[in-house]
Amino acid sequence: MWLPQGWRVIRHQHEHAMLEGVSVVAYGTGFLFNALLLVYGIGTSGIPVVAAASVNLMMSSLIVIVVSRSRARK
């Protein structure tokens with residue numbers, strides 16, 4: 001889910017109209033969830049959980065940053 005959206009956001013980062021449908025609030029919530037999941041995974045030594053949370057955290061961060069910058073340039 002995160003990788004296709006991240007790829008789309010990167011491809012269209014200079015096209016504000018293409019990014020209007022991306023919800024910063026939703027991806028911000030996803031960021032928070034994955035940060036907590038990463039802490040849980042580290043606490044329980046769950047390598048698959050840490051790996052998944054790390055990738056999702058990185059992608060949600062990227063999406064929020066790119067979309068926020070695009071909206072600020074508008």
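Model, not experiment: these values are computed from the prediction.

Each value, and the rule that gives it
- Here, residues in each chain are numbered from 1, in the same order as that chain's written sequence.
- This being a predicted model, a pLDDT of at least 70 is required before a residue's local features are given, and a value of 80 or more before pairs of side-chain atoms are given or counted; all residues contribute to the totals for chains, interfaces and linings.
- Heavy atoms throughout the structure, all of them, feed into the side-chain values; hydrogens and water do not.
- In this description a helix means any DSSP run of H or I spanning at least four residues, a strand means any run of E spanning at least two, and both kinds are numbered starting from the N terminus.
- Values of pLDDT, ranging from 0 to 100, describe the predictor's confidence in every residue of the model.
- Residues with no salt bridge and a relative accessible area higher than 30% make up the patches, which join like charges within 9 Å and nonpolar side chains (Val, Leu, Ile, Met, Phe, Trp, Tyr) within 5 Å.
- Here the Shrake-Rupley method, with its probe set to 1.4 Å, supplies the accessible areas, and only the displayed protein chains count as covering residues.
- One side-chain nitrogen of Lys or Arg within 4 Å of one carboxyl oxygen of Asp or Glu is enough to make a salt bridge.
- When accessible area is computed with a 1.4 Å probe and restricted to protein chains, residues below 20% of their type maximum are described as buried, those above 50% as exposed, and intermediate ones as partly exposed.
- Angular values range over 0 to 180 degrees, each being the angle between N-to-C directions of two axes fitted as lines to C-alpha atoms, with helices fitted over their stretch in contact.
- An angle below 35 degrees is treated as roughly parallel, one above 145 as roughly antiparallel, one from 65 to 115 as roughly perpendicular, and anything else as oblique.
- Handedness of a helix crossing follows the sense of rotation of the near helix relative to the far helix, less than a right angle counterclockwise being left-handed and clockwise being right-handed.
- Contacts are assigned to residue pairs with any non-hydrogen atoms lying within 4.5 Å of each other.

1. Quick word on unusual backbone geometry
In terms of backbone geometry, most residues other than glycine have negative phi values and most peptide bonds are trans. In the Ramachandran plot, serine 45 falls in the positive-phi region, its phi being about 55° despite a non-glycine side chain. Locating serine 45 in the fold gives a position in the loop between helix H3 (24-43) and helix H4 (47-73).

2. A short note on the confidence of the model for the protein
Overall, the prediction assigns the protein a mean pLDDT of 91, with 97% of residues at 70 or greater. For the protein, per-element mean pLDDT is lowest for helix H2 (residues 16-19), which scores 86, and highest for H3, which scores 94.

3. Focus on a nonpolar patch on the surface
Among the surface-exposed residues, Phe31, Leu32 and Leu36 lie close enough to one another that they form a single nonpolar patch of about 300 Å² accessible area. The topology assignment puts leucine 32 in helix H3. Assessed through its relative accessible area of 51%, leucine 32 is described here as exposed.

4. Side note on the packing of helix H1 (residues 2-11) against H4
The contact between H1 and H4 brings their axes to 9 Å, and the two run at 30°. On the basis of their axis angle, the class for H1 and H4 is roughly parallel. The chirality of how H1 crosses H4 is left-handed. Residues Trp2, Leu3, Gln5, Gly6, Val9 and Ile10 of H1 touch H4, and the partners they reach there are Asn56, Met59, Ser60, Leu62, Ile63, Val66 and Val67.

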